[in-house]
Amino acid sequence: NPPEIDEPLAYCGGGFCAAFDVGGRRFRGVVDTGSPFLLVSTCSEKPGSGSCTSYCRAWGCTAPSAGEPSGLEDTNEMFAAGSAR
C-alpha cells in the first residue's frame, strides 16, 4: 500500500487550499481532485518583488530558471480562469 498523506486544508474563497514546499519554497494551491497536475507559479521579476509582491505573498512563486524539464511533452490545459501550457 502507498503511504498515507495527511494534508490539512483551508477554505479559501470558494474552494480548499493546501500549503506545500517545493525546492525549499513555500506555496499554497487550490486542491483540484480532477487534476493530476501540481502547478507552481513563476514570476518574471525576482520572486516576491515588484508586480509579483502580493501574488507571491499569497500563493508563492519562483523564478522560471528554478525548475527542470520533466522530459515529458508539453500539454495545453484549459481551466475556468484560462489556459496554461
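Sequence order as written defines the numbering, with residues in each chain counted from 1. Residues qualify for local features only when their pLDDT is at least 70, as the model is predicted, and side-chain atom pairs are given and counted only at 80 or more; totals for whole chains, interfaces and linings, by contrast, use all residues. Heavy atoms from the whole structure form the basis of all side-chain values; hydrogens and water molecules are not counted.

(A) Representation of the overall build of the protein chain within the structure. Scanning the protein chain from N- to C-terminus turns up one helix and five strands. The helix count covers DSSP runs of H or I at least four residues long, the strand count covers runs of E at least two residues long, and both are numbered beginning at the N terminus. When its helices and strands are written in sequence order, the protein chain yields β-β-β-α-β-β. A principal-axis box enclosing the C-alpha atoms of the protein chain has dimensions of 40 × 30 × 30 Å. A 1.4 Å probe rolled over the protein chains alone gives each residue an accessible area, and that area as a share of the maximum for its type sets the label: buried under 20%, exposed over 50%, partly exposed in between. Across the 85 residues that make up the protein chain, the buried fraction comes to 15%. Pairs at least 24 apart in sequence give 20% of the contacts found in the protein chain among residues at least 6 apart. Accessible surface is estimated by sampling points in the Shrake-Rupley manner with a 1.4 Å probe; for residues, cover comes only from the protein chains shown. Here the protein chain has roughly 7,000 Å² of accessible surface; of this, 53% comes from carbon and sulfur atoms. Whether two residues are in contact is decided by their heavy atoms, any of which lying within 4.5 Å being enough.

(B) Seen up close, the pattern of salt bridges. What counts as a salt bridge is simple: a side-chain nitrogen of Lys or Arg found within 4 Å of a carboxyl oxygen of Asp or Glu. Scanning all chains against the criterion turns up one salt bridge. A salt bridge links Arg 26 to Asp 21, with the nearest nitrogen and oxygen atoms 3.0 Å apart.

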